[in-house]
Amino acid sequence: MERTSTANDLTDRLRKRLESERREIEELTASELKRLAENSRRVARNALSTIERDTEEATGRMRKLLAKAWQRPLIVGLSLWLGFFGGSWATMRWLATSIEHRIVDLGRLNREVEEARWTLDEIEETTWGVTLVEIEGDRFVVVPEGVLDRPPWRVDGRPALKLSNE
C-alpha cells in the first residue's frame, strides 16, 4: 500500500524543514556574529593601541615642549634681573665714587682756602697793611690811615701815593 500524503504530513515535513533551515540560519548567523565580534575586538584593540601609542608620542612631545617652554621666560627674567641689578650696582658705584671725589676735592679746596687766608694774613702782617693798586694804568701804593698827614691821593677811601709811570 502506498501511502498517500496528507495535509498534516506535508505540514509536518515543512515544519521540520523550516525548523532545520531556521537552526542552520541561526547557527550561521551566530557564527557570523562571533566572527564579526572577534573582528570588531581586533579592530578596537588595534585602534586602542594606535591611540595609546599616538597619545604617548604626543605626551612625549608635549613634555619636551614644556621642558623648553619654561627656559625662555627664565632666561629672559634672569637677563632682566641681571640688567637691572648690574645697572643699578654700576650706577651706585659711579655715584659713590663721584661723591667721594667731590668730598676729597672739597676738602682740598677748603685746605687751599685756609692756606690762602693764612698767606693773606701773613702778607698783611709783614707789609703793615700796605697794598699796591693799579687803576686805569696808574699805579698807587695804598698805606694805612694815619701814615700820611695830607695824602695827595685816595684809593677806596684810604691814603695813597702815586708811583710815576716812567
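So, here's what we can say about the structure.

The rules behind these values
- Residues numbered from 1 in each chain as written.
- Predicted model: local features only at pLDDT ≥ 70, side-chain atom pairs only at ≥ 80, totals over all residues.
- Heavy atoms only, no water.
- Helix = DSSP H or I, 4+ residues; strand = E, 2+ residues; numbered from the N terminus.
- Rg over C-alpha atoms; globule rule 2.2 N^0.38 Å.
- Phe/Tyr/Trp six-rings, centres within 6.5 Å; stacked < 30°, edge-to-face > 60°.
- Buried < 20%, exposed > 50% of the residue type's maximum accessible area, 1.4 Å probe, protein only.
- Pairing = 2+ DSSP bridges.

## Topic: the overall build of the protein
Link 1 in the chain: When its secondary structure is counted, the protein shows 2 helices and 4 strands.
Link 2 in the chain: Secondary structure elements in the protein, listed N-terminal to C-terminal, are α-α-β-β-β-β.
Link 3 in the chain: For 166 residues, the compact-globule estimate of 2.2 N^0.38 gives 15 Å, and the C-alpha radius of gyration of the protein, at 62 Å, exceeds that figure by more than 25%.
Link 4 in the chain: Each of the three principal axes of the protein carries a C-alpha extent, and together these read 200 × 30 × 25 Å.

## Some details on the packing of aromatic side chains
Link 1 in the chain: Per the stated rule, a full pass over the model turns up 2 aromatic pairs.
Link 2 in the chain: For the pair Trp-81 and Phe-85, a centre-to-centre distance of 5.2 Å together with 5 degrees between the ring planes defines the contact as stacked. With Trp-81 and Phe-85 both in helix H2 (residues 71-127) and 4 residues apart, this pair spans about one turn of that helix.
Link 3 in the chain: Plain terms: the ring middles of Phe-140 and Trp-153 are 5.9 Å apart, the flat faces sit at 65 degrees to each other, and that makes the pair edge-to-face. Residue Phe-140 is found in strand E2 (residues 138-142), and its partner Trp-153 is found in strand E3 (residues 153-155); the two are separated by 13 residues along the sequence.
Link 4 in the chain: Looking at Phe-140, the relative accessible area reads 8%, which means it is buried.

## As for the pairing of strand E4 (residues 158-163)
Link 1 in the chain: Bridge count between E2 and E4: 4 bridges; the pairing is antiparallel. Bridge pairing in E4 links Val-142 to Ala-160.
Link 2 in the chain: Pairing geometry for E3 and E4, over 3 bridges, is antiparallel. Bridge pairing in E4 places Arg-154 opposite Pro-159.
Link 3 in the chain: Between E3 and the antiparallel strand that follows it, E4, lie 2 residues; Asp-156 among them carries a positive phi value of about 55 degrees.

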